[in-house]
Amino acid sequence: MQEIKREILINKAKDLLADGTVDRVLGWKAGEFDYDVTPAVFNSADEIEGDFVWNGFCGANFSKYLVKETLKGDGKVLVFLKPCDTYSFNQLLTEHRFDREKVYAVGVPCNGMVDVNKIKEETDSVVSIDFDGGNTVVHTLYDGDLSLPTEKLLSERCVNCKSKKHVAYDELLGEDGEVCDSGRFDEVARLEKMTPDERFEFWQNELSRCIRCNACRDVCPACTCEKCVFDNPESPVENKAPANSFEEKMFHIIRAFHVVGRCTDCGECSRVCPQHIPLHLLNRKFIKDIDELYGEYQAGSVLGNRAPIVDYKLDDAEPSEAVERGDENA
Amino acid sequence: MRKISLDKLNQLFSKIAETQTLYMPVDTKTGARYEKWEEGKELSDALNTVRSAKDFFFPQTENLMDFKMEGKNIEIIDTRNEAEDFVIFGVRACDVKSFEILDRVFLADPADSYYENRRNHGTIVSMACTRPVETCFCQTFDIDAASPEGDVVCHKTDDALYLEAKSDKGEALLNSLNDVTEDTDGSAVDEQVKTVHERMSRLPLASLSADAFGADKTKEFFDRPEWAELSQSCLGCGTCTFVCPTCQCYDIKDFNTGHGVKRFRCWDSCMYSNFTKMSAGQPRLTQVERFRQRFMHKLVYYPTNNDGLFSCVGCGRCLSKCPIQMNIVKVMKKLGGKSND
Ligand code: SF4
Ligand code: SF4
Ligand code: SF4
Ligand code: SF4
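A quick note: this is a predicted structure, and the numbers were derived from the prediction, not measured.

Undergrad: Hey, could you run me through the interface of chain A and chain B in this one?
TA: The parts lose accessible area when they come together, and the size of an interface is often stated as this lost area. Counting from both sides, the interface comprises 45 residues of chain A and, opposite them, 47 residues of chain B. The junction of chain A with chain B conceals about 3900 Å² of combined surface from both sides, 52% of it contributed by carbon and sulfur atoms. Sorting the residues of chain A by area buried against chain B places Tyr142, Ile211 and Lys240 of chain A first, and these three jointly supply 19% of that buried surface. The interface formed by chain A and chain B contains eight salt bridges. Across the pair lysine 240 of chain A and aspartate 251 of chain B runs a salt bridge, and its minimum N-O distance is 2.8 Å. Residue contributions to the side of chain A that touches chain B peak at four residues, all from strand β2 (residues 38-42) of chain A. Broken down by class, the residue content of the side of chain A that touches chain B amounts to 21 nonpolar, eight polar and 16 charged.

And the structure:
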C-alpha cells in the first residue's frame, strides 16, 4: 500500500476549503515533540500549512468529535478517517449521532500508528522523531539518535489491525486495503483458558490500577450518552472514584456491557488509558462471544446494521448456551 | 553528609523498614509506582511515578467516618488510621515542591487533620535527578532538580548514594542509619550537580517562562479568545488533574453499603461537568470554562492567593498522560502574555 504524504492531505484540505465544499477541517495539530499531536479544527489554509500534521502519531479517532462538531454552524466539516475510524463513523451514523450531510469524509490509508510508550521503553527522552522508510529515527537527549524498526513500535491495535479497508467515505486518498486476518482474539483465548480464579486475579490486578479518570469512556465513540450514568448525581453509581475494589470492577464491566455490539474495537480506550489497562480485552471478549454465538459480526462494517444483541432471530442462541459455555471454562 | 555504596542499598532499606513503613518507586511493566518496600524490591530510576507522591498525604479515596443506623439512633464510627510513621524514599524535586503547594491549602487554618496527621507522620527522602527528560520543566518554576528539598536529600552516583539531612526529622532518620552509612565530604555530589545543571540548560523546555502569569492577572487572561481553541478537543476526562501532584480538589460522598453509610472523600476535577455543582447548577457550563479553570488556577488564581507561588511544578505528567496531548506547556506558550487587544 502506498504511503500517503502530508502534502497530499493538506492539498486536499486546502482545495476543499477553497472550493467551498467544507468550511473547516478536523485534523491533527503539531505539538512540542512530534509525538504529541492534538486533534484540532483548522479554519484556513494558513492554519493548515502551519500546523497540520500527518505522521505516525495521528492515532486519535475523529469520529466521535463529529457528534459535537456537526452541531456547530451550517457548513460541512472535513474529516480524515483511517480505516479503523470509518467503522466508528458508520456505527455513530447507524445510531443517528450526527448529521451525515454536515460531513465530508476523506479516507486515508494507514500503515499503523506508533505507540510512543514503546519508544520510551528504548530510551528515556524523546526530543524529536523522523520517519525514514521502515524505520523510526528518535533523537534523544542522552542516547544519541536511535533508529528503530517502526514495525516493532506499532500500538497494540495496529499490530492486530482488523481492517485496512475503509467502510465509509466521500473520497479516498490512495488505494483501499482489505479486511485483515488479525490475531486480535488470541489474548482473549488465552484468558478464556485460565481458571476463574486466575482470571479474577488477572483483572483484579489490571483494574486495581484504574484512577477512574474516565478517559476510556470519554474517548470511546460508542460512549456518546448525553449524560453518562456514572456522572449522574441521581444515579446510585455516580462516584468520582471507586469507594471500594468492587466498584473499581463494576464500572468497567458495566461499561463493557453498555458497548456490546456497538464497540467496533477501535482501540481508543486502551490507547488513552494513563494506567495502561488492556481494556480492549474486555470488549474483544464480547465480540468473540457474539461471533461464536450469533455468527460473525463486526460493528460498523455496514451502515444500518443491527447488532445481534438488539436483533431477534428464531435461531438465536439460548441463554442456557452461554451458561454451558461458562461451565466448560470453569 | 553520609554515604553508602549502591550494592549495600538493601541494608539501608531494611534498616529503615525495621522501624517504619518504607515506600519507594519500583518499576512495573506499566511504569514506576510507589510500593511498600520489602526484601527483593528495587528502587526505580524513573523520574516520574505514574501517580504522584501526593497519594501519601491526600489519597484518591479516603474513608472519613462510618455511620450505622439502628432504629432512630445513628452511631458514628471512627475509622481513622493516619497514625503510622512512614518514609517515602526517592521523591523527585518537583513532587517534593508539590507538598508545599498542598500544605498551603490543607494546613491553612482550620487545618485538615487527616492530611496534617499524615504529613506529621511522614518523612520525605528526596532524590536528585540526573537525567531530566524532554517533558521536564521544573526550572520554569525555580525548582532545582539537582538539589531537591526534603527531610533527607539523596544524590545517586554510579557507585554510591549520598544522603544529607535537611530537617530535624531527617536528622533523626539519618542518625538511625549510622551503622550502615559512612561519613563523606560532598565533592562527588558537587560534581554531579554541575553536570545536571548543564543538562537542565539544554532541555527542550529550558526557556519556557512563567513570567507572563502570576498573581492578580485574572483580568488579563480570563477572557482571552485562545481558550476556545485550546480547549476544543479536550475530552474532560480529568486525567491531567488526577496525575497532577498539585491538584487538590475533592468531593465528599456518602456510600450506602446496605447496612450503613461510608462517608468518604475522593479526588474531584475541575474538568468534570459536575464539579462544584450547586443547586443553581454547574457554574462552568462548557468545557471551555472548565479547561480555563484548570490552567487559571495553576498559573493565576493560586499565585494570587499564595504570595505569587505557582501551583504547577513542571513534573510533565500531564504532558505525557493527556489523551489528546493538550497540556499546560501548550497553554503557556499560546497565551504567553500577549495582550488581548
Ligand atoms: S482510562 Fe484507564 S485509568 Fe482512566 S478510567 Fe479508564 S481504565 Fe481507569
Ligand atoms: S500541571 Fe502538569 S506539569 Fe504541572 S504539576 Fe500538574 S501534572 Fe505536573
Ligand atoms: S481547580 Fe482544577 S486545577 Fe485547581 S486544584 Fe482543583 S482540579 Fe486541580
Ligand atoms: S486536558 Fe487532556 S487530560 Fe485534561 S481533561 Fe482534557 S483531555 Fe483529559
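Undergrad: Is there a simple way to explain the domain arrangement of chain B in this structure?
TA: Residues and elements named next belong to chain B. Segmentation of chain B into domains returns domain 1 (2-201) and domain 2 (218-340). Computed over C-alpha atoms, the centres of domain 1 and domain 2 are 25 Å apart. Between domain 1 and domain 2, the residue contacts involve 39 residues of the former and 38 residues of the latter. When residues of domain 1 are sorted by the area they lose upon contact with domain 2, Ile101, Phe137 and Phe141 head the list and together hold 19% of the total. Our enumeration of links across domain 1 and domain 2 arrives at five salt bridges. Among the salt bridges present, the one from lysine 262 reaches aspartate 66, with a minimum N-O distance of 3.3 Å. Those elements that provide at least two residues to the side of domain 1 that touches domain 2 are β4 (61-70), α2 (93-106) and α3 (113-121). The greatest single-element share of the side of domain 1 that touches domain 2, amounting to 10 residues, is contributed by α2. The residue makeup of the side of domain 1 that touches domain 2, split by class, is 19 nonpolar, nine polar and 11 charged.

Undergrad: Is there a simple way to think about the sheet that holds strand β2 (residues 21-28) of chain B in this case?
TA: The strands making up a sheet associate through backbone hydrogen bonding, with each pair oriented either parallel or antiparallel. Residues and elements named next belong to chain B. Strand order in the open sheet made by the eight strands is β3-β2-β6-β7-β8-β9-β1-β10, with mixed pairing throughout. What marks the edges here is a single partner per strand, and that holds for β3 (31-36) and β10 (182-183). Relative to strand β9 (residues 160-165), strand β8 (residues 152-156) is paired through five bridges, and the arrangement is antiparallel. Within the sheet, the bridge partner assigned to valine 152 lies in β9 and is alanine 165.

Undergrad: What is the right way to read the site of ligand 3 from this model?
TA: Residue and element names in this part refer to chain B. Taken together, Thr241, Cys247, Gln248, Cys249, Ser269, Cys270, Gln293, Arg294, His297 and Lys298 make up all the residues around ligand 3. For the shell around ligand 3, the leading source of residues is helix α9 (residues 287-305), giving four residues. Here the shell around ligand 3 is built from residues that sort into three nonpolar, five polar and two charged.

Undergrad: I keep staring at unusual backbone geometry and nothing clicks. Help me out?
TA: Glycine aside, a negative phi is what most residues show, and trans is what most peptide bonds show. A cis amide bond links aspartate 109 of chain B to the next residue, proline 110 of chain B, at an omega of -5 degrees. Here proline 110 of chain B lies in the loop between α2 and α3. Within the chain, arginine 212 of chain A stands out as a residue other than glycine whose phi angle is a positive 55 degrees. Take arginine 212 of chain A: it is sitting in the loop between α8 (196-207) and α9 (215-219).

Undergrad: What's the story with the site of ligand 1 in this structure? I'm lost.
TA: Taken together, the residues surrounding ligand 1 are Cys210, Ile211, Arg212, Cys213, Asn214, Ala215, Cys216, His252, Cys273, Pro274, Ile277 and Leu279 of chain A. The residue makeup of the shell around ligand 1, split by class, is nine nonpolar, two polar and one charged.

Undergrad: Is there a simple way to think about the sheet that holds β4 of chain B in this case?
TA: Residues and elements named next belong to chain B. The antiparallel open sheet is built from four strands, whose spatial order is β5-β4-β12-β11. At either end of the open sheet lies a strand with only one pairing partner, and these are β5 (73-78) and β11 (250-256). Strand-to-strand twist across the sheet, computed as the mean angle between neighbouring axes with direction ignored, equals 25 degrees. Sheet strands touched by α3: β4 and β12 (261-267). Its angle to β4, the strand with the most contacts, is close to 130 degrees.

Conventions used here
Residues numbered from 1 in each chain as written. Chains lettered and ligands numbered in written order. Predicted model: local features only at pLDDT ≥ 70, side-chain atom pairs only at ≥ 80, totals over all residues. Heavy atoms only, no water. Contact = heavy atoms within 4.5 Å. Buried area = accessible area lost by both parts, 1.4 Å probe. Salt bridge = Lys/Arg side-chain N within 4 Å of Asp/Glu carboxyl O. Helix = DSSP H or I, 4+ residues; strand = E, 2+ residues; numbered from the N terminus. Nonpolar A, V, L, I, M, F, W, Y, C, P; charged D, E, K, R; others polar. Domains from an automatic or database assignment. Pairing = 2+ DSSP bridges. Near = heavy atom within 4 Å. Axes fitted to C-alpha atoms, helices over the stretch in contact; angles between N-to-C directions.

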